[in-house]
Amino acid sequence: MKIEQFNRESKGFFKAIEEDKEAGRMTYSWAGENRFIIDHTEVNPEFKGKNVGKQLVMAAVNFARENNLKIIPLCPYAKSVFDKTAEIRDLL
């Protein structure tokens, strides 16, 4: 599965692609220069059970780490990943 990021001035998203199909998408909004809000995660029903949502959240985690950013997970799914994964909570 390939994860692509599309970053714009005030918003952006991560898109998961497998076999030329969009498996899922996670959107975010910038909250200043050093933080972004994960506001929605959606997985194509065809890809349920393949950890697509978690891969999208982890792509955001990697992006935050590489760019010294913090994450505000307002999306219930993203928040649940942070709640269950202690090693990424330093980005909150």
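Please refer to the structure placed before this passage.
Notes on the structure in this doc start here. (Residues numbered from 1 in each chain as written. Predicted model: local features only at pLDDT ≥ 70, side-chain atom pairs only at ≥ 80, totals over all residues. Heavy atoms only, no water.)

### Quick word on the overall build of the protein chain
If you tally the helices and strands in the protein chain, you get two helices and five strands. Moving toward the C terminus, one meets the helices and strands of the protein chain in the order β-β-β-β-α-β-α. Taking 12 Å as the expected radius of gyration for a compact globule of 92 residues, we find that the protein chain reaches 12 Å, a close match to that expectation. Taken along the three principal axes of its C-alpha coordinates, the protein chain extends 35 × 30 × 20 Å. (Helix = DSSP H or I, 4+ residues; strand = E, 2+ residues; numbered from the N terminus. Rg over C-alpha atoms; globule rule 2.2 N^0.38 Å.)

### Some thoughts on the packing of helix α1 (residues 52–66) against helix α2 (residues 76–84)
Close contact between α1 and α2 brings their axes to 10 Å; oriented N to C, the two are set at 75°. Viewed along their axes, α1 and α2 adopt a mutual orientation that is roughly perpendicular. The residues of α2 that touch α1, namely those facing G53, K54, V57 and V61, are Y77, A78, V81 and F82. By residue class, the composition of the contact of α1 with α2 is six nonpolar, one polar and one charged. (Axes fitted to C-alpha atoms, helices over the stretch in contact; angles between N-to-C directions. Parallel < 35°, antiparallel > 145°, perpendicular 65-115°, else oblique. Contact = heavy atoms within 4.5 Å. Nonpolar A, V, L, I, M, F, W, Y, C, P; charged D, E, K, R; others polar.)

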